[in-house]
Amino acid sequence: MKSNQKIVLLLAVVLTAVLVVFAAVWFSTRPATSQGGKTITVEVVHKDESKKTFTCHTDEEYLAEVLVREGIVEDNQGPYGLYILVADGERADYDTDGAYWSVLQNGEPAATGASEVPVHDGDSFSLVYTLA
């Protein structure tokens, strides 16, 4: 019986060490944010290719917070953060017709979802209606 307790204890110690390593890697590799006042632009490119540009002055650190606060998108939080279903009044529903909103940061596809995209002064973002 004591041998089983030692194995369980050893497994608990190893599991804890693995979790600490994963947490350290995550914290050291996540995108950096910047605090304080920032001015960014958000361009919404609609299905018909018309565009609307919003200039936002914000203290927020992540794009999702800015998009919701400025009313550019509807607040549709899912288990993994903001799921952009409606932008500037237009709906892109992947389940219905394969459409979704692509997020670009400074002209490049965002590496993460809007809830994890850091906002820096002078950044430009695009929400582009996209068909799969």
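Everything in this summary refers to the structure shown in the same document. (Residues numbered from 1 in each chain as written. Predicted model: local features only at pLDDT ≥ 70, side-chain atom pairs only at ≥ 80, totals over all residues. Heavy atoms only, no water.)

This paragraph deals with the pattern of salt bridges. Following the criterion strictly, the structure yields three salt bridges and no others. Salt-bridge contacts for D88 lead to K52; the nearest nitrogen and oxygen are separated by 3.8 Å. Here K52 lies in strand β2 (residues 51–58) and D88 lies in the loop between β5 (86–87) and β6 (90–91), a separation of 36 residues in the sequence. Of the residues examined, K52 reaches a relative accessible area of 40% and is grouped as partly exposed. Its salt-bridge partner being R91, residue D93 comes within 3.5 Å of it at the nearest N-O pair. Owing to a relative accessible area of 15%, D93 belongs among the buried residues under this scheme. The partly exposed category is assigned to R91, whose relative accessible area is 47%. (Salt bridge = Lys/Arg side-chain N within 4 Å of Asp/Glu carboxyl O. Helix = DSSP H or I, 4+ residues; strand = E, 2+ residues; numbered from the N terminus. Buried < 20%, exposed > 50% of the residue type's maximum accessible area, 1.4 Å probe, protein only.)

Before going further, it helps to examine the packing of aromatic side chains. Per the stated rule, a full pass over the model turns up two aromatic pairs. Measuring from centroid to centroid gives 5.6 Å for W101 and Y129, while their planes differ by 85 degrees, and the two rings are edge-to-face. Taken together, the residues span a long stretch of sequence, with W101 in strand β7 (residues 99–105) and Y129 in strand β9 (residues 124–131) at a distance of 28 residues. When its relative accessible area of 6% is taken as the criterion, W101 is described as buried. Residue classification places Y129 among the buried residues on the basis of a relative accessible area of 11%. (Phe/Tyr/Trp six-rings, centres within 6.5 Å; stacked < 30°, edge-to-face > 60°.)

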